[in-house]
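Here are the chains, one letter per residue:
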Amino acid sequence: VEHRTGSDVAWEPAPEQHFTGNVWFGELAPRPSPEAVRVLGVLFEPGARTDWHEHPEGQVLYVVGGAGRVQNASGETAEFSAGDVVYSAPGEAHWHGAAPGSYMMHLSLTTGAPTEWHPDKVTDEQYGSR
Ligand code: MN
């Protein structure tokens, strides 16, 4: 058993080229093998969001705090808050981030190959559309 306090987690800025606004990553679990699940805590400041991207084996987001929004390639947008679960299917283009007036933290659970980032940022129009 390994217990770490919140301040023991090595929070790092998310890579700037794939995000709008300030976002932090914290690796929450060891990955003993490449097949192991990757458990990431992700904290977004208000208005911050990912670029468009997809996950080769899908992604589960578990919202720990705050409020956010997610959009898929069909333009369907959903607002979510603490306790909600968001699933993106393998290869489904999407983005996720905090609501304009709220910090938001979610857990990200993925397996397999790394995130495939699309070249396009999320425009203010896409971010604001409902
Ligand atoms: Mn994602």
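See the structure above.
The following paragraphs examine the structure supplied in this document. (Residues numbered from 1 in each chain as written. Predicted model: local features only at pLDDT ≥ 70, side-chain atom pairs only at ≥ 80, totals over all residues. Heavy atoms only, no water.)

1. As for the overall build of the chain
Summing up its helical and strand segments, the chain has 1 helix and 12 strands in all. What you see in the chain, going N to C, is helices and strands ordered as β-β-β-β-β-β-β-β-β-β-β-β-α. Relative to the globule expectation of 14 Å for 130 residues, the C-alpha radius of gyration of the chain, 14 Å, shows essentially globular dimensions. Within the chain, the proportion of its 130 residues that are buried is 38%. (Helix = DSSP H or I, 4+ residues; strand = E, 2+ residues; numbered from the N terminus. Rg over C-alpha atoms; globule rule 2.2 N^0.38 Å. Buried < 20%, exposed > 50% of the residue type's maximum accessible area, 1.4 Å probe, protein only.)

2. Quick notes on the coordination of the manganese ion
Protein-derived coordination of the manganese ion comes from His53 (NE2), His55 (NE2), Gln59 (OE1), His94 (NE2) and His96 (NE2), at a distance range of 2.1 to 2.2 Å. Along the chain, the residues that donate to the manganese ion are spaced as H-x1-H-x3-Q-x34-H-x1-H. (Donors = N, O, S within 2.8 Å, 3.2 Å for Na, K, Ca; no water.)

3. Remarks on the pattern of salt bridges
Opposite charge on two side chains makes pairing possible when the charged atoms of those side chains draw close. What the rule picks out here adds up to 5 salt bridges. Note that Glu27 and Arg38 form a salt bridge whose closest N and O atoms lie 2.6 Å from each other. Pair noted here: Glu27 is in strand 3 (residues 23-27) and Arg38 is in strand 4 (residues 38-44), with a separation of 11 residues, a long-range link. Overall, Glu27 belongs to the partly exposed group, its relative accessible area being 36%. Overall, Arg38 belongs to the partly exposed group, its relative accessible area being 28%. We note a salt bridge from Lys121 to Asp51, for which the minimum N-O separation is 3.1 Å. Taken together, the positions of Lys121 in the loop between strand 12 (116-117) and helix 1 (124-128) and Asp51 in the loop between strand 5 (49-50) and strand 6 (53-54) put the pair 70 residues apart, joining distant regions of the chain. Looking at Lys121, the relative accessible area reads 35%, which means it is partly exposed. Judged by its relative accessible area of 1%, Asp51 falls in the buried class. (Salt bridge = Lys/Arg side-chain N within 4 Å of Asp/Glu carboxyl O.)

4. Topic: the layout of surface pockets
Roughly 350 Å³ of volume is contained in the largest pocket. Around the largest pocket, the lining is made up of 23 residues, and of these Phe25, Arg38, Leu40, His55 and Thr115 lie nearest the centre. Looking at the lining of the largest pocket, the elements that each hand over two or more residues are strand 4 and strand 11 (104-110). Take the lining of the largest pocket: its biggest share by element is 4 residues, from strand 4. Each residue belonging to the lining of the largest pocket can be placed in one class, and the counts come to 10 nonpolar, 11 polar and 2 charged. (1 Å grid on protein atoms, 1.4 Å probe; cavity = no way out; pocket = protein on both sides within 12 Å on 5 of 7 lines; lining within 4 Å. Points joined across faces, edges and corners; volume = space filled by probe spheres on them. Nonpolar A, V, L, I, M, F, W, Y, C, P; charged D, E, K, R; others polar.)

5. Describing the nonpolar core
By size, the foremost hydrophobic cluster in this structure holds 15 residues, and its most contacted members are Phe19, Val23, Phe25, Val42, Phe44, Phe80 and Met104. Of all the secondary-structure elements, those providing two or more residues to this core are strand 3, strand 4 and strand 7 (59-72). Contact partners of Phe80, with chain neighbours within four places excluded, come to Val63, Gly66, Ala67, Gly68, Arg69, Val70, Val86, Gly97 and Met104. Formed by 5 residues, the second largest nonpolar core is a distinct cluster that contains Trp52, Trp95, Val122 and Tyr127. (Core = buried A, V, L, I, M, F, W, Y, C linked by side-chain atoms within 4.5 Å. Contact = heavy atoms within 4.5 Å.)

6. Considerations on the side chain of Gln71
For Gln71, the position within the fold is in strand 7. At a separation of 3.3 Å, a polar atom in the side chain of Gln71 contacts the side chain of Thr77. Of note is the side chain of Gln71, whose polar atom sits 2.7 Å from the side chain of Trp95. (Polar contact = N/O pair within 3.5 Å; in protein donor to acceptor, adjacent residues only side chain to side chain.)

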